[in-house]
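Each chain, written out:
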Amino acid sequence: MAVVQMNFLQCPSFSISYFSSSPSTANNRVPVKFTVSCSSVASPVTVVNGNVDKSPSERNEVRLGLPSKGRMATDTLELLKDCQLSVRQVNPRQYVAEIPLFSNLEVWLQRPKDIVRKLVSGDLDLGIVGLDTVAEYGQGNEDLILVHDALEYGDCHLSLAIPKYGIFENVNSLKELAQMPQWTPERPLRVATGFTYLAPKFMKDNGLKHVTFSTADGALEAAPAMGIADAIVDLVSSGTTLRENNLKEIEGGVILESQAVLVASRKSLIQRKGVLDITHEMLERLEAHLRAAGQFMVTANMRGSSAEEVAERILSHTSLSGLQGPTVSPVFVKRNGKVMADYYAIVICAPKKELYKSVQQLRAIGGSGVLISPLTYIFDEETPRWRQLLMNLGL
């Protein structure tokens, strides 16, 4: 049987203060301070049956971290599949998989926060997670670099929420909350949150001085009703859960807008062989697929005296202009022994919401035989995000 020993990367000490809120001590809250620290070594090392595995600096494989569970995991795998980057997991009980298109790429299925931590430590080179996770666990680390900042799923925002009732009934902005006379060193604003970096930073940056934080995972919305917090900081999607628990967001209380992003280790992009090439192809495919999403190719035949005359008719309708303009090509037929062009084939791109309108307009100007095809990719000459990445890397 293999014996596996793991030593983990150093993590900084931190402290959290909170005030007891049990009924017996409600009027005599005593601040209690906890300090948590982690034992450390310089970098992670794995020992299997007494043999030391490759350290991050020695390995040749490129590593991509993907969420292992939940809606983010499902949507990530679906997006990669749509980009012809399907993830194959040989054993569903294992946390390692592959993308067959890349022979030197390992896919590691991890918790989102662990993906960010392992990008920082050098155990992963690339990862797809929510921007909120990057901000919370990356904590502004300069080695983390956003390769694609808008993968168009996992949309939510990190927000401060307070009760609709009691002393908060007429409080509708962060400024009004900060100016409430109730908050003193002896009776600070109590905030329940799982974001122990972003929440305190936000409060400090916005001038709220008398604030304490308690940590909790899940069901934060119940904390104010239970009397263990005055407010919460949590991720909000539709806001339904907040409303059902008599909580409200306030003006100026949004900390961060978030969605899925592709993030990389700056050091890996520069130093590890193969990372930049894989990143380039992934970025090209993601950009081209996302640009094509909701776009359709419309092909039709149209009579005309010349390609220019047909193009003039098409361009008289702005919804038929396509991405850069229509493609107009002669359709040749042989008549009475002569080859001639009576028809012209036109090709344009139309967004889904304008599709039927485009078909109607094509018919109105003489179009027939209209064909509709969904698009998988729309490639630019070069994706702007790739140019920006190279600039950020100084390459």
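The sections below set out a description of the structure shown in this document.

Parameters at a glance
Residues numbered from 1 in each chain as written. Predicted model: local features only at pLDDT ≥ 70, side-chain atom pairs only at ≥ 80, totals over all residues. Heavy atoms only, no water. Buried < 20%, exposed > 50% of the residue type's maximum accessible area, 1.4 Å probe, protein only. Helix = DSSP H or I, 4+ residues; strand = E, 2+ residues; numbered from the N terminus. Arc of directions from axis to C-beta. Phe/Tyr/Trp six-rings, centres within 6.5 Å; stacked < 30°, edge-to-face > 60°. Pairing = 2+ DSSP bridges. Axes fitted to C-alpha atoms, helices over the stretch in contact; angles between N-to-C directions. Parallel < 35°, antiparallel > 145°, perpendicular 65-115°, else oblique. Left-handed = near helix turned anticlockwise from the far one by under 90°. Contact = heavy atoms within 4.5 Å. Salt bridge = Lys/Arg side-chain N within 4 Å of Asp/Glu carboxyl O.

**Concerning helix H5 (residues 198-205)**
Phase 1: Looking only at H5, the buried set comprises Leu-198, Ala-199, Phe-202 and Met-203. Taken down its axis, H5 places every buried residue within 130° of arc, on the same side. H5 presents Lys-204 and Asp-205 as exposed residues on the side facing more than 90 degrees away from its buried surface.
Phase 2: Taken from the residues just after H5, Gly-207 is the one with a positive phi, measuring 80°.

**Quick word on the packing of aromatic side chains**
Phase 1: For the structure shown, the criterion picks out 2 aromatic pairs.
Phase 2: Judged by centre distance (6.0 Å) and plane angle (25°), the ring pair of Phe-168 and Trp-183 falls under stacked. Of this pair, Phe-168 sits in the loop between strand S11 (156-163) and helix H4 (174-178) while Trp-183 is found in the loop between H4 and strand S12 (189-193), placing the two residues 15 residues apart along the sequence.

**As for the pairing of strand S10 (residues 144-148)**
Regular strands place side chains that alternate from one sheet face to the opposite one.
Phase 1: In terms of burial, S10 is largely enclosed, as 4 of its 5 residues are buried.
Phase 2: Pairing of S10 with strand S16 (residues 260-265), which is carried by 4 bridges, proceeds in the antiparallel orientation. Following the sheet pairing, Ile-145 is matched in S16 by Ala-264.

**Here we look at the packing of helix H2 (residues 112-121) against helix H3 (residues 131-138)**
Phase 1: Interaxial distance between H2 and H3 falls to 9 Å at its minimum, and their mutual angle equals 55°. Between H2 and H3, the angle falls in the class oblique. The way H2 lies across H3 gives a crossing that is right-handed. Contacts from Pro-112, Lys-113, Val-116 and Arg-117 in H2 reach Thr-133, Val-134, Tyr-137 and Gly-138 in H3.

**Overview of the pattern of salt bridges**
Phase 1: Under the defined criterion, the tally for this structure stands at 17 salt bridges.
Phase 2: Two residues, Arg-387 and Glu-382, come together in a salt bridge whose shortest N-O distance is 3.6 Å.
Phase 3: Using a relative accessible area of 41% as the deciding quantity, one classes Arg-387 as partly exposed.
Phase 4: On the basis of relative accessibility, which here comes to 32%, the residue Glu-382 falls in the partly exposed class.
Phase 5: Taken together, the salt bridges that share partners define one network made up of Arg-59, Asp-125 and Arg-272.

**Observations regarding unusual backbone geometry**
Phase 1: Notably, Gln-139 is not glycine yet its phi reads approximately 50°, a positive angle.
Phase 2: In this fold, Gln-139 is placed in the loop between H3 and S10.
Phase 3: With a phi close to 60°, Asn-246 is a non-glycine residue in the positive phi region.
Phase 4: If you trace the backbone, Asn-246 turns up in the loop between helix H7 (240-244) and strand S15 (247-258).
Phase 5: Judged by its relative accessible area of 43%, Asn-246 is partly exposed.

So yeah, pure geometry; function would need other evidence.
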